[in-house]
Amino acid sequence: MLQERHSNLLATFERLESNVRTYSRSFPVVFRKGEGAILEDEGGRQYIDFLSGAGVLNYGHNDRNFLNHAMQYLNANGIIHGLDMATSAKREFLERFEEIILRPRGLTYKFQFTGPTGANAVEAALKLARKATGRHSIISFTNGFHGVSLGALSVTGNRYYRDAAGIPSGGVAFMPYDGYWGPDQDTSEFMEKALADASSGFDLPAAVILETVQGEGGINHASKSWLQSVERLCREKGILLIVDDIQAGCGRTGDFFSFEFADLLPDIVLLSKSLSGCGLPLSLLLLKPEFDIWRPGEHIGTFRGNNLALVTATAALRKYWTNGELSARVTKTGHIMSQRLREIGESNQDQSLLVRGRGMMLGLDCGTGELAGKIVRNAFEEGLVVERCGADDQVIKLLPPLTIDEQTLQRGLDILEKSVNAKA
Ligand code: PLP
């Protein structure tokens with residue numbers, strides 16, 4: 001219905017753009033502007049953005065400070081493309097990241113820039129782990145999502161995406177994520193047993209790859225103790241621990257890295273999405289130096305280390321990460337959101353909707369994709385952009401910009417509440 005009403009607006013896209021498009025179906029208008037937590041369509045209608053480019057816009061749309069840095073750089077004929085040559089922009093990023101993020105946390109990672117998407121970083125990490133250990137198998141977890149290129153897809157649980165590959169993906173064993181068998185079962189015990197038992201059928205893996213909060217998989221968050229058990233198992237067995245912080249990192253859960261609360265020291269960390277601060281594509285791996293065993297040029301790609309994105313990424317580090325203000329703000333706003341979401345969830349007449357997540361990465365589990373679909377469609381009609389996730393798209397995923405002001409946040413939550421109550 002919504003689609004039909006807007007179809008004349010989308011005629012060009014429907015005629016010329018592949019069927020594979022997704023978000024333009026959920027939000028069938030033509031957007032032209034963004035500022036902070038607000039999107040505007042071509043008709044001048046404004047929407048509150050609780051999608052934030054699926055976790056890309058943690059600092060909101062078009063932060064003036066970042067854009068000014070980008071414009072100054074462009075006006076000065078700064079290098080835009082330099083393959084992986086040394087550039088001033090890259091040096092500035094490396095030095096500031098080391099100074100602002102790594103050193104205060106006692107971390108000594110090396111950086112590997114990959115092609116600009118998250119999946120590119122996942123591919124490089126899997127390849128490196130296999131090369132470093134001489135083993136082929138990888139452990140991933142139920143409901144994990146790591147991208148849709150073939151390697152990344154092999155560690156992604158969702159059958160809809162896996163079926164599209166056209167070939168079977170091998171070399172990966174899926175273990176139950178924290179909470180998969182209910183709150184009373186510690187699923188890391190199954191992993192421990194499977195790895196200890198020579199007859200379990202599980203090969204000793206090269207790496208374990210996990211998200212500390214599963215974004216696309218339904219906003220399932222792992223506990224500190226579960227994460228620590230998985231890390232201990234990795235250490236005991238010489239398995240590399242890869243934390244995919246592509247969606248949960250860059251402050252989304254409060255700390256810069258989503259694993260800081262559990263005191264983990266992953267062997268490889270993956271960052272992308274909000275890294276550049278303003279939506280420019282940029283991806284990297286942080287590697288423990290002992291695993292930097294690549295030979296020169298062994299893993300390449302034309303668009304590694306997008307220089308303009310490095311400029312804005314450096315601006316984001318300087319603006320938001322030299323003190324604890326943003327982290328404190330995320331914790332505070334996350335509490336406000338989860339409290340309000342709980343009230344909204346409980347106000348649903350048929351069955352109460354469950355709230356999950358950490359920091360400002362929260363989900364409202366509606367039980368069925370049908371109900372969640374109705375709610376997000378109603379919400380869009382009322383001016384809120386919010387998406388769904390989970391195996392059946394049954395979870396409404398709330399990712400407002402970390403910098404959203406409280407009034408706009410509450411307006412967005414008001415719309416959500418109204419949409420939950422309307423839902424027909
Ligand atoms: N890893 C995680 C945790 C993600 O959420 C995503 C994308 O949503 C990816 C990897 C893949 O990133 P991209 O879509 O940029 O390839």
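Figured I'd write up the structure that's included with this text. (Residues numbered from 1 in each chain as written. Predicted model: local features only at pLDDT ≥ 70, side-chain atom pairs only at ≥ 80, totals over all residues. Heavy atoms only, no water.)

1. Describing the overall build of the protein chain
Piece 1. Summing up its helical and strand segments, the protein chain has 15 helices and 17 strands in all.
Piece 2. By the compact-globule yardstick of 22 Å for 424 residues, the protein chain fits well, its C-alpha radius of gyration being 21 Å.
Piece 3. Referenced to the eigenvectors of the C-alpha coordinate spread, the extents of the protein chain come out at roughly 60 × 55 × 45 Å.
Piece 4. Here the protein chain holds 424 residues, and the buried ones make up 53% of them.
Piece 5. A separation of at least 24 residues holds for 72% of the contacts in the protein chain among residues at least 6 apart in sequence.
Piece 6. Computing the positive centroid from 45 side-chain charges and the negative centroid from 51, the protein chain places the two 4 Å apart. (Helix = DSSP H or I, 4+ residues; strand = E, 2+ residues; numbered from the N terminus. Rg over C-alpha atoms; globule rule 2.2 N^0.38 Å. Buried < 20%, exposed > 50% of the residue type's maximum accessible area, 1.4 Å probe, protein only. Contact = heavy atoms within 4.5 Å. Lys, Arg positive; Asp, Glu negative; His and termini not counted. Charge placed at Lys NZ, Arg CZ, Asp CG, Glu CD.)

2. Section: the site of the ligand
Piece 1. Every residue near the ligand is listed here: T117, G118, A119, F145, H146, G147, E211, D244, I246, Q247 and K273.
Piece 2. Between a nitrogen atom of the ligand and a side-chain N or O atom of D244, the distance comes to 2.6 Å.
Piece 3. Take K273: an N or O atom from its side chain is 2.9 Å from an oxygen atom of the ligand.
Piece 4. Starting from 390 Å² of accessible surface for the ligand in isolation, the protein chains cover 82%. (Near = heavy atom within 4 Å. Polar contact = N/O pair within 3.5 Å; in protein donor to acceptor, adjacent residues only side chain to side chain. Areas by Shrake-Rupley, 256 points an atom, 1.4 Å probe, with all protein chains shown as cover.)

3. Brief notes about the nonpolar core
Piece 1. If you look at the biggest cluster of nonpolar residues, it comprises 80 residues, and the most contacted ones within it are F97, F141, V208, F257, L271 and I396.
Piece 2. Considering every element that reaches this core, the biggest residue donor is helix 12 (residues 307-320), with 7 residues.
Piece 3. Composition of this core by domain shows at least three residues from each of domain 1 (2-63 + 325-421) and domain 2 (78-320).
Piece 4. What F141 contacts, discounting residues up to four positions off in sequence, is F174, M175, P176, Y177, M191, V208, I209, L210, Q214, W226 and V230. (Core = buried A, V, L, I, M, F, W, Y, C linked by side-chain atoms within 4.5 Å. Domains from an automatic or database assignment.)

4. What about the packing of helix 6 (residues 88-102) against helix 12?
Piece 1. It is at 9 Å that the axes of helix 6 and helix 12 come closest, and there the two elements cross at 30 degrees. Regarding the angle of helix 6 to helix 12, the classification is roughly parallel. Classified by chirality, the crossing of helix 12 by helix 6 is left-handed. Where helix 6 approaches helix 12, its residues A89, K90, E92, F93, R96, F97, I100 and I101 are matched on the opposing element by N307, L310, V311, A313, T314, L317 and R318.
Piece 2. Here the contact of helix 6 with helix 12 is built from residues that sort into 9 nonpolar, 2 polar and 4 charged. (Axes fitted to C-alpha atoms, helices over the stretch in contact; angles between N-to-C directions. Parallel < 35°, antiparallel > 145°, perpendicular 65-115°, else oblique. Left-handed = near helix turned anticlockwise from the far one by under 90°. Nonpolar A, V, L, I, M, F, W, Y, C, P; charged D, E, K, R; others polar.)

5. Here's the deal with the packing of aromatic side chains
Piece 1. Following the criterion strictly, the structure yields 22 aromatic pairs and no others.
Piece 2. Between F93 and F97, the aromatic rings sit 5.5 Å apart at their centres with planes inclined by 50 degrees, giving tilted as the arrangement. Of the two residues, F93 and F97 are both situated in helix 6; the distance of 4 residues between them amounts to about one turn of the helix.
Piece 3. Positioned above the aromatic ring of F66, the side-chain terminus of K319 is 5.8 Å from the ring centre.
Piece 4. The ring of F261 carries the charged tip of R358 above its face, separated from the ring centre by 3.7 Å. (Phe/Tyr/Trp six-rings, centres within 6.5 Å; stacked < 30°, edge-to-face > 60°. Lys NZ or Arg CZ within 6 Å of the ring centre and 35° of its normal.)

6. A few points about the layout of surface pockets
Piece 1. The calculated volume of the second largest pocket comes to roughly 420 Å³.
Piece 2. Taken together, 16 residues make up the lining of the second largest pocket; nearest its centre are D84, F111, Q112, F113 and R304.
Piece 3. Element by element, the count of residues in the lining of the second largest pocket is highest for strand 4 (residues 110-113), at 4 residues.
Piece 4. Split into classes, the residues belonging to the lining of the second largest pocket amount to 6 nonpolar, 3 polar and 7 charged. (1 Å grid on protein atoms, 1.4 Å probe; cavity = no way out; pocket = protein on both sides within 12 Å on 5 of 7 lines; lining within 4 Å. Points joined across faces, edges and corners; volume = space filled by probe spheres on them.)

7. Some words on the pattern of salt bridges
In a structure, side chains of opposite charge can pair up when their charged atoms sit close to one another.
Piece 1. For the structure on display, the rule yields 23 salt bridges.
Piece 2. With a shortest N-O distance of 3.0 Å, E260 and R105 are connected by a salt bridge. With E260 in the loop between strand 10 (240-244) and strand 11 (268-271) and R105 in the loop between helix 6 and strand 4, the pair connects residues that are 155 residues apart, well separated along the chain.
Piece 3. According to the relative accessible area criterion, E260 is partly exposed, its value standing at 22%.
Piece 4. For R105, a relative accessible area of 27% puts it in the partly exposed group. (Salt bridge = Lys/Arg side-chain N within 4 Å of Asp/Glu carboxyl O.)

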